[in-house]
Amino acid sequence: MTGHTISRNRYFLIFAALIVLLVLTIFMAYVDLGPFNVIVAITIAIIKATLVILYFMHVRYSSRVTWVFVSAGFFWLLIMFTLTMSDIATRFTF
Amino acid sequence: MDNEQLTHETRSFVAHQFDDLEQQKEAGTLGMWAFLATEILFFGGMFMAYLVYRFSYPQVFAAASQYMDVVLGGVNTGVLLVSSLTMALAVHAAQEGNRKQIITFLIITMIFGAIFLVIKGVEYHHKFVEHLVPGYNFQYEGAEPGKSEIYFILYFVMTGFHALHLIIGIVVLTVIAIMTARGRFTKEYYTPVEISGLYWHFIDIVWIFLYPLLYLIHVHK
Amino acid sequence: MSTSGSENHTNYLNDGYGVKSWLLTTDHKRIAILYMISITLFFMIGGFFALVIRLTLLSPNGTLVSADTYNKMFTMHGVTMIFFFLIPSIPAVLGNFLVPMMIGARDLAFPKLNLLSWYIYVLGGIFTLSAMVLGGVDTGWTFYTPLSSGYSHTNVVPTVIGVFIVGFSSILTGLNFIVTIHKMRAPGLTWFRLPLFIWAHYATSVIQVLGTPVIAVTLALVGFERITGVGIFDPNIGGDPILFQHLFWFYSHPAVYIMVLPSMGIVSEVVTCFSQRKLFGYRQMAFASMAIAVFGFLVWGHHMFVSGQSVYAGMAFSALSFLVAIPSAVKVFNWTATLYKGTIRFNTPMLYAFGFIGLFTIGGLTGIVLATLPVDVHVHDTYFVIAHFHYIMVGGAVMGYMAGLHFWWPKITGKLYPEGLAKFSALTLFVGFNLTFFPQFILGYLGMPRRYHIYPPEFQVLNVLSTAGASILGLGYIIPFFYFMWSLRKGKVAGNNPWNAKGLEWLTTSPPPTFNFDKTPVVTEEAYAYPEEDLVGG
Ligand SMILES: [Cu+2]
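Figured I'd write up the structure that's included with this text. Bear in mind the structure is a predicted one, so any value in this text is a computation, not a measurement.

## Observations regarding the overall build of chain B
Here's step 1: Within chain B, the regular secondary structure consists of seven helices and zero strands.
Here's step 2: Starting at the N terminus and walking to the C terminus, you meet the elements of chain B as α-α-α-α-α-α-α.
Here's step 3: With the C-alpha coordinates of chain B rotated into their principal frame, the extents come out at 75 × 30 × 30 Å.
Here's step 4: A buried classification covers 62% of the 221 residues belonging to chain B.
Here's step 5: Restricting to contacts in chain B with at least 6 residues of sequence separation, those with at least 24 account for 77%.
Here's step 6: Counting every atom, chain B has about 8,100 Å² of accessible surface; 64% of that belongs to carbon and sulfur.

Okay, structure coming up:
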C-alpha cells in the first residue's frame with residue numbers, strides 16, 4: 001500500500017485529465033444527442049471517478065483486498081439499481 | 001508484548017492490539033475502504049431514488065433542472081477537483097516525510113473545500129430567493145409542480161448530505177493537520193493522513209456524479 | 001495458560017472494578033458484556049410488548065387494549081426485538097467476545113471504535129425508548145410510507161432517528177470484524193482453518209457494512225418527509241411509496257441473515273464439539289455462509305408481491321428467492337452428516353443446536369412456500385408469515401444465541417451453569433416455542449391476518465394455544481436468566497476447556513486475561529481437528 005509512490009507529475013497529469021473531462025462533459029451537455037446525452041454524461045463521470053480511484057486513491061497500486069472492497073461497494077449498488085428497476089421499468093398497466 | 005527488535009521510536013506508534021506497524025497500517029487502510037463501501041451504499045440509496053424518478057418523469061426533471069446554475073456547479077466541480085489534487089499532494093508529502101508540505105497542502109485542501117461550501121451556499125440562497133425550497137417556500141411556475149418538487153427534494157437531500165460529508169472532511173483534515181504539526185507522523189507511519197485522503201477523494205467522487213445528474217440534464221435547448 | 005481455572009489469575013473481569021473501568025473500557029470482552037446487558041434489557045422490553053399482544057389475542061374481541069394501543073404494541077415489539085435485540089445479539093455479544101479470541105488476537109482491530117459502537121447503540125436506544133415513553137409508535141416495524149411519513153399521529157421521528165443511529169453501531173461492528181478477520185489472524189491461521197463461527201461473522205459483517213447504510217438513508221428520508229411535510233415517497237406529489245419498500249427491504253431481508261448467519265456459526269461449533277467430529281464439508285459450509293450473504297441481497301422483492309410491484313419483478317424475485325434455499329440446505333445437511341456416527345453428548349448447547357436445526361428447517365421450508373408468488377398471494381400478511389419468521393428469528397437466531405451463551409458461558413465467566421436445570425429449560429423453551437408458533441401457521445393458512453387486535457371467534461382455540469405456549473416460552477427464558485445470575489456466584493469453576501472443545505479460545509484461561517493469550521498462539525491444524533480414529537473403525 002505504501003511501497004509505491006506516484007511521482008508528483010503523475011498527479012498533475014491526472015488532474016489535467018480530470019479538468020479536460022469536466023470541460024468535455026459540460027460541452028457535450030450542450031450538444032443535443034437525444035437519449036445519448038445521459039449515457040455520455042454518465043460515461044464521462046465513471047471515467048473521472050475511475051481516475052480518482054486508481055491514482056489519487058492509489059488503488060492501482062493497492063492489494064487485491066482493496067480491489068475487492070471497492071468492487072463490492074459498486075457491485076452491491078448495481079444489484080440495488082438493477083433489481084429495483086426490474087420493477088419500475090416493467091410496471092405496465094393493462 | 002513482542003517485537004522487541006523494533007526500535008522504541010517505531011514501537012510508540014503501534015497500538016497494543018497490533019503486532020507491528022505494517023499490520024496497523026494495513027488495518028487502518030482496509031478499515032477506511034470498508035467504511036467507504038458503506039458510504040457508497042449510503043449515497044446509493046439516494047441515487048436509487050433519483051434513478052427511479054428520473055426514469056419515471058424524464059421531462060419534469062429536464063424542465064426542473066433548468067433552474068440549476070450550470071456555471072456555479074461547474075466551477076464547484078473544478079474546485080473539488082483541485083482540492084483532490086492538493087489532498088493527493090499532501091499524502092505525497094507525507095510519503096516523503098515533509099511535515100511542512102503536508103500542513104500546507106492540507107490547508108489548501110480545506111480552503112478549497114470551504115470555497116465549495118460557500119458557492120453551494122450561494123446556490124442555496126438563489127433557490128431560497130426563487131421560492132424553490134421544498135417544504136419551506138416552494139412555488140413552482142412550470143408544469144407538474146408536484147413532480148418537480150421531488151426533483152428539488154432530491155437536489156437538496158443529495159447535495160445536503162454531500163455538503164455535510166464535506167464539513168466532516170474539513171474537521172477531519174483539521175485534526176490531521178494538528179496531528180502533523182505535533183509530529184505524530186513520519187515517513188514510516190502516516191496512515192491517518194492517507195486514509196483521511198481516501199475519505200476526501202470519495203467526497204469528490206460523489207460530486208463527480210452529482211454534477212452531471214443534477215445540473216446537466218437538459219442544458220441544450 | 002498458567003493457573004488453570006483458578007480464581008486468582010488476573011483476567012479481564014478483575015482487571016479494574018470501578019464503573020469507569022467498564023464504561024471507558026476498550027477491551028472487546030468487556031464491551032461484549034456491556035452489550036449483553038443492554039440487549040437483555042431490550043429483550044425484556046420487547047418481551048413485555050409480546051406479552052401484551054398474546055394476552056390481547058386471548059379473546060376474539062380484543063378486550064385488553066384498544067386497537068390503537070395494539071398497533072403500538074406490535075410495532076414496538078418488532079422495533080425493539082429486531083433493531084435492538086436480534087441484530088446486535090450474537091455479533092455484538094458473542095462475536096465481540098470471541099472473534100479476536102478465536103483468531104488468536106489481543107483485541108479487535110479498532111478497540112475504540114468498538115466502544116464507540118456501544119455508545120451509539122445506547123444513544124439510538126435512548127431515542128427509541130423515549131419515543132415509546134412519549135406514547136409509542138404505530139407504523140409497524142416496517143415503517144411503510146405514506147403511513148409513517150404522513151398519516152401516523154405517533155412518535156415516528158424519534159423512533160426512526162433511534163433506528164438510524166443504531167444502524168451505525170451495527171456498521172461499526174461489522175467493519176471492525178472484517179478488518180480484524182483480514183488482518184489479525186494468528187500465525188498459521190489461514191482462511192480455511194478458520195472456525196465457521198468466524199466465517200459466519202465475516203459474512204454477517206459484509207451484510208452489515210453494505211446493507212445498513214441503505215436503511216439509514218431511507219429512514220432519514222422518511223424523517224425529513226415527516227418534519228418538512230414534503231418528501232420523495234409522498235404519492236400526492238407523484239412520489240412512489242413502493243420505492244420506500246424497495247429500499248427498506250434491500251436491507252431488511254438481508255438483515256434476517258445478520259440474525260441467523262451467526263447462529264449457524266454457533267451451531268457449527270457446538271455440533272462438532274458435542275459429537276467430537278470434524279465438520280462434514282468444511283469448505284462448503286464456509287462458501288455457503290458467503291453465498292447466503294450475497295444471495296440474500298437478490299431476493300427482497302418477495303416481501304412486495306402484493307404491494308403493487310410489477311408482476312415481472314415479482315416473478316424474478318420469486319425465482320431468485322429459491323436460490324437462498326440451496327446454501328441453507330447445504331448447511332442443514334452438513335450438520336446432520338457431521339452427527340453421523342459421532343459420540344454425541346446431549347449437553348445444553350447441543351440441545352439448543354438441535355432445536356436450531358429443526359426449527360430453522362421448518363422456518364426455511366415455509367420460507368420457500370412464502371417465496372412462491374402465487375401461494376404468497378393467499379397467505380400474505382397472515383399469521384403464516386408471522387409463524388414463518390418467528391421460526392427463523394426465534395427458533396433459529398435466538399436458539400443459536402442460547403446455544404452459544406451456554407457453550408461459552410464457562411469461558412466468559414469462568415463458571416459452569418447448572419446442567420440439569422439448563423437442560424430442563426431448553427426443553428421448556430422448545431416446547432413453548434412450538435406451542436406458540438405452530439398454531440400460527442394454521443391460523444395464517446386459515447386466513448387470520450396479522451396486525452389486528454380482533455379476530456373471528458372460530459380462531460380462538462388456536463390463539464389460546466398460542467398464548468399458552470407463549471407463557472411456557474417465557475418461562476424458558478426466565479429460568480436461564482436466573483441460573484446464569486446464580487452461577488456467577490455459586491457456579492462450579494469451569495476450567496479452561498470444560499467441553500473438550502477445539503478452537504483457540506479454549507486454550508486460554510477462563511475467564512481470559514485482558515489480552516486474551518499470554519503468548520500469541522500458533523495454529524498448525526484445521527478447525528475441528530477432533531481425533532476420529534477410534535470412530536472410523538466402529
Ligand atoms: Cu425476506
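Now that the structure is up, let's keep going.
## Structural notes on the overall build of chain A
Here's step 1: Of the regular secondary structure elements, chain A holds three helices and zero strands.
Here's step 2: Seen in sequence order, chain A has helices and strands lined up from the N terminus as α-α-α.
Here's step 3: In terms of C-alpha radius of gyration, chain A reaches 18 Å, well past the compact-globule figure of 12 Å for 94 residues.
Here's step 4: If you line up chain A on its principal axes, its C-alpha atoms span 60 × 35 × 10 Å.
Here's step 5: Taking all 94 residues of chain A together, 43% fall into the buried category.
Here's step 6: Looking at chain A as shown, the accessible area adds up to about 5,000 Å², and 75% of this sits on carbon and sulfur atoms.

## Focus on the nonpolar core
Here's step 1: Counting 298 residues, the largest nonpolar core has Met57 of chain A together with Phe83 and Leu94 of chain C as its most contacted members.
Here's step 2: Top element by residues in this core is helix H8 (residues 241-275) of chain C. It accounts for 22 residues.
Here's step 3: With sequence-adjacent residues up to four places away left out, Leu94 of chain C is seen in contact with Ser89, Val99, Phe197, Ile266, Tyr401, Gly404, Leu405 and Ile412 of chain C.

## Some points on the coordination of the copper ion
Here's step 1: Coordination sphere of the copper ion, protein contribution only: His253 of chain C (ND1), His302 of chain C (NE2) and His303 of chain C (NE2), at 1.8 to 2.0 Å.
Here's step 2: In primary-sequence terms, the residues that donate to the copper ion follow H-x48-H-H.

## Looking at the interface of chain B and chain A
Here's step 1: Every contact between the two is made by 49 residues of chain B and, on the other side, 47 residues of chain A.
Here's step 2: Joining chain B to chain A, the criterion identifies one salt bridge.
Here's step 3: Arg8 of chain A is the salt-bridge partner of Glu96 of chain B, the closest N and O atoms lying 3.9 Å from each other.
Here's step 4: Along the contact surface separating chain B from chain A lie two residue pairs in polar contact (both at pLDDT 80 or more).
Here's step 5: Of all the secondary-structure elements, those providing two or more residues to the side of chain B that touches chain A are helix H2 (21-56), helix H4 (70-95) and helix H7 (191-215) of chain B.
Here's step 6: By residue number, the principal contributor to the side of chain B that touches chain A is H2 of chain B, which donates 19 residues.
Here's step 7: A class-by-class count of the residues in the side of chain B that touches chain A yields 30 nonpolar, 13 polar and six charged.

## Brief notes about the packing of aromatic side chains
Given two aromatic rings, their pairing is described by the distance between the two centres and the angle made by the two planes.
Residue and element names in this part refer to chain C.
Here's step 1: The tally for this structure, following the rule as stated, stands at 71 aromatic pairs over all chains.
Here's step 2: Arranged with centres 5.5 Å apart and planes meeting at 75°, the rings of Tyr12 and Phe97 form a pair that is edge-to-face. With a gap of 85 residues between them, Tyr12 in the segment before helix H1 (19-23) and Phe97 in helix H3 (residues 67-102) connect regions that are remote in the sequence. One exposure class covers both Tyr12 and Phe97, and it is buried.

## Thoughts on helix H6 (residues 145-181) of chain B
Here's step 1: Helix length check: H6 of chain B, at 37 residues, gives a terminal C-alpha distance of 53 Å against a target of 54 Å (1.5 Å per residue), a fit within 8%.
Here's step 2: Gly183 of chain B lies just past H6 of chain B and shows a positive phi near 75°.

## Points about unusual backbone geometry
Most peptide bonds take the trans form, and the phi angle of most residues other than glycine is negative.
Residue and element names in this part refer to chain C.
Here's step 1: In the segment running from Thr145 into Pro146, the intervening peptide bond is cis, with an omega of 0°.
Here's step 2: You can see Pro146 is positioned in the loop between helix H4 (111-133) and helix H5 (147-151).
Here's step 3: Backbone geometry places Gln276, a non-glycine residue, at a positive phi of 50°.
Here's step 4: Among the structural elements, Gln276 can be located in the loop between H8 and helix H9 (282-295).
Here's step 5: For Gln276, a relative accessible area of 13% corresponds to the buried category.

## So, the environment of Ala200 of chain C
Residues and elements named next belong to chain C.
Here's step 1: Mapped onto the fold, Ala200 is located in helix H7 (residues 196-228).
Here's step 2: On a C-alpha basis, the gap between Ala200 and Arg345 in space is 24 Å, while along the polypeptide they are 145 residues apart.
Here's step 3: Non-local contacts of Ala200, meaning those with residues more than four positions away in its chain, are made with Leu261, Pro262, Gly265 and Ser289.

## Remarks on the packing of H8 of chain C against helix H13 (residues 383-413) of chain C
When two helices pack together, their arrangement is given by the angle between their axes and by how far apart the axes lie.
Residue and element names in this part refer to chain C.
Here's step 1: Interhelical geometry of H8 versus H13 gives an angle of 45° and a closest axis separation of 8 Å. When the axis of H8 is compared with that of H13, the two are oblique. The element H8 and its partner H13 pack so that their crossing is left-handed. Of H13, the residues touching H8 (which contributes Val256, Met259, Val260, Ser263, Ile266, Glu269, Val270, Cys273 and Phe274) are Ile392, Met393, Gly396, Ala397, Gly400, Tyr401, Ala403, Gly404, Phe407 and Trp408.
Here's step 2: The residue makeup of the contact of H8 with H13, split by class, is 14 nonpolar, four polar and one charged.

## A short note on the side chain of Thr159 of chain C
Here's step 1: Here Thr159 of chain C shows up in helix H6 (residues 156-183).
Here's step 2: Owing to a relative accessible area of 1%, Thr159 of chain C belongs among the buried residues under this scheme.

## Comments concerning the interface of chain A and chain C
Here's step 1: In this complex, chain A contributes 16 residues to the contact, which on the side of chain C involves 24 residues.
Here's step 2: Surface buried jointly by chain A and chain C totals about 1,600 Å² across both partners, of which 77% is contributed by carbon and sulfur atoms.
Here's step 3: Of all residues in chain A, Trp76, Met80 and Leu83 of chain A bury the most surface against chain C, accounting for 38% of the area lost on that side.
Here's step 4: Put simply, chain A and chain C have one salt bridge between them.

## A closer look at the environment of Ala422 of chain C
Here's step 1: If you trace the backbone, Ala422 of chain C turns up in helix H14 (residues 419-446).
Here's step 2: Apart from the residues lying within four places of it in its own chain, the contact partners of Ala422 of chain C are Thr348, His406, Tyr417 and Tyr483 of chain C.

## Considerations on the side chain of Thr109 of chain B
Here's step 1: Residue position: Thr109 of chain B is located in helix H5 (residues 99-129).
Here's step 2: Beyond its immediate sequence surroundings of up to four residues, Thr109 of chain B is in contact with Ser83, Thr86, Met87, Leu173 and Trp200 of chain B.

## What to know about the packing of H6 of chain B against H7 of chain B
Residues and elements named next belong to chain B.
Here's step 1: With their axes 10 Å apart at the nearest point, H6 and H7 run at an angle of 160° to one another. Overall, the two elements H6 and H7 adopt an arrangement that is roughly antiparallel. In this structure, H6 crosses over H7, and the sense of that crossing is left-handed.
Here's step 2: A per-class count over the contact of H6 with H7 returns 19 nonpolar, five polar and no charged.

## Here we look at the environment of Tyr57 of chain B
Here's step 1: Turning to its location among the elements, Tyr57 of chain B is positioned in the loop between H2 and helix H3 (58-64).
Here's step 2: Residues contacting Tyr57 of chain B, with those up to four places away along its chain left out, are Lys147 of chain B together with Gly238 of chain C.
Here's step 3: A distance of 2.4 Å separates the side chain of Tyr57 of chain B from the backbone oxygen of Gly238 of chain C, its partner in a polar contact.

What counts and how
- Residues numbered from 1 in each chain as written.
- Chains lettered and ligands numbered in written order.
- Predicted model: local features only at pLDDT ≥ 70, side-chain atom pairs only at ≥ 80, totals over all residues.
- Heavy atoms only, no water.
- Helix = DSSP H or I, 4+ residues; strand = E, 2+ residues; numbered from the N terminus.
- Buried < 20%, exposed > 50% of the residue type's maximum accessible area, 1.4 Å probe, protein only.
- Contact = heavy atoms within 4.5 Å.
- Areas by Shrake-Rupley, 256 points an atom, 1.4 Å probe, with all protein chains shown as cover.
- Rg over C-alpha atoms; globule rule 2.2 N^0.38 Å.
- Core = buried A, V, L, I, M, F, W, Y, C linked by side-chain atoms within 4.5 Å.
- Donors = N, O, S within 2.8 Å, 3.2 Å for Na, K, Ca; no water.
- Salt bridge = Lys/Arg side-chain N within 4 Å of Asp/Glu carboxyl O.
- Polar contact = N/O pair within 3.5 Å; in protein donor to acceptor, adjacent residues only side chain to side chain.
- Nonpolar A, V, L, I, M, F, W, Y, C, P; charged D, E, K, R; others polar.
- Phe/Tyr/Trp six-rings, centres within 6.5 Å; stacked < 30°, edge-to-face > 60°.
- Expected span 1.5 Å × (residues − 1).
- Axes fitted to C-alpha atoms, helices over the stretch in contact; angles between N-to-C directions.
- Parallel < 35°, antiparallel > 145°, perpendicular 65-115°, else oblique.
- Left-handed = near helix turned anticlockwise from the far one by under 90°.
- Buried area = accessible area lost by both parts, 1.4 Å probe.

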